[in-house]
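These are the residues of each chain, in order.
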Amino acid sequence: DSSNNFRSELWYLTAPAQGSADISVNFTAAGRTVAGASNFFGVDQNTPFGTLVTAQGSGSNAAVNVTSGAGQRVFASVVAQGWATTLTDGAGQTAHWTAYNGFIYGDLLTRGSTETGAASVTMSWTLGVAEDWVAAGVSLRAASVNPVAAAITANGSEDTLLAVDLNGSGGSGGGGVSPGRGDG
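Below you will find a few notes about this structure. These numbers come from a predicted model, not from an experiment.

Along the backbone of the chain there are zero helices and nine strands. A buried classification covers 30% of the 184 residues belonging to the chain. Looking at the chain alone, contacts between residues at least 24 apart form 70% of all its contacts between residues at least 6 apart. As displayed, the chain has an accessible area near 11,500 Å², and 51% of this comes from carbon and sulfur atoms.

By size, the foremost hydrophobic cluster in this structure holds 16 residues, and its most contacted members are V64, V78, M123, W125, L127 and W133. Of all the secondary structure elements, the ones that give two or more residues to this core are β1 (53-67), β2 (73-81) and β6 (120-140). Of all the elements, β6 adds the most residues to this core, at six residues. For M123, the residues in contact, after removing those within four places along its chain, are A62, A63, V64, V74, A76, Q93, S113, T114 and E115. One finds V79, A99, L108 and L140 within the second-largest nonpolar core, a separate group that totals ten residues.

Attention shifts here to unusual backbone geometry. The phi torsion at A15 lies on the positive side, around 50°, for a residue other than glycine. Mapped onto the elements, A15 comes out in the segment before β1. Its relative accessible area of 57% is what places A15 among the exposed residues. A positive phi is found at T85, a non-glycine position, where the angle reads about 65°. With respect to the helices and strands, T85 occurs in the loop between β2 and β3 (87-89).

Moving on to the side chain of T114. Its location among the elements puts T114 in strand β5 (residues 108-116). Here the side chain of T114 touches H96 through a polar contact of 3.1 Å, side chain to side chain. Excluding residues that lie within four positions of it along the chain, T114 makes contacts with F40, R73, V74, F75, G92, Q93, T94, H96 and M123.

The subject of this paragraph is the pattern of salt bridges. For the coordinates displayed, the defined rule picks out one salt bridge. The salt bridge partner of D89 is R111, with a shortest N-O separation of 2.8 Å. Of this pair, D89 sits in strand β3 while R111 sits in strand β5, and the two are 22 residues apart along the sequence. This pair shows no difference in class: D89 is buried, exactly as R111 is.

Examined against the element boundaries, F40 turns out to sit in the segment before β1. Of the residues examined, F40 reaches a relative accessible area of 32% and is grouped as partly exposed. The residues touching F40, leaving out its near neighbours within four places in the chain, are F75, H96, T114 and L140.

About the thresholds
- Residues numbered from 1 in each chain as written.
- Predicted model: local features only at pLDDT ≥ 70, side-chain atom pairs only at ≥ 80, totals over all residues.
- Heavy atoms only, no water.
- Helix = DSSP H or I, 4+ residues; strand = E, 2+ residues; numbered from the N terminus.
- Buried < 20%, exposed > 50% of the residue type's maximum accessible area, 1.4 Å probe, protein only.
- Contact = heavy atoms within 4.5 Å.
- Areas by Shrake-Rupley, 256 points an atom, 1.4 Å probe, with all protein chains shown as cover.
- Core = buried A, V, L, I, M, F, W, Y, C linked by side-chain atoms within 4.5 Å.
- Polar contact = N/O pair within 3.5 Å; in protein donor to acceptor, adjacent residues only side chain to side chain.
- Salt bridge = Lys/Arg side-chain N within 4 Å of Asp/Glu carboxyl O.

Below, the structure is given as structure tokens:
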């Protein structure tokens, strides 16, 4: 916020191990903190997101505008002074968490949510009471799962094609491998 009393940060981990795990948040100094966590499947592991965008203000409406695109998903979080008491997602957003450590001065309230990507997506929240707020948002890029074709040698001939369907759209459900014969 403008008085540097609080901030919003987004942290990430690519290619985590499968299974359940704890998330630990450790600080080097005492302070009031709120945190939330979300996990996403199918995110590009090399370039997982676009440019981080932040916004700050004061009032009963908070928003951050995120550049995105078709096939992407926008994720954003907002943090407000605890006196705000509630945070309500804007139209089209899906809530991932709400966390707070109290509703008095110095306490914090946070909410994280997603929305389908488009050229520009405004992530917004309505605060129960006008307060200072900060927001951060980013567009999550989908992993490329297009069908892959590779030429292989079979029986001494190089005109055999092996199509690998990674989308699961070929055949009778699920991903698959189908041999074919090329025309040279």
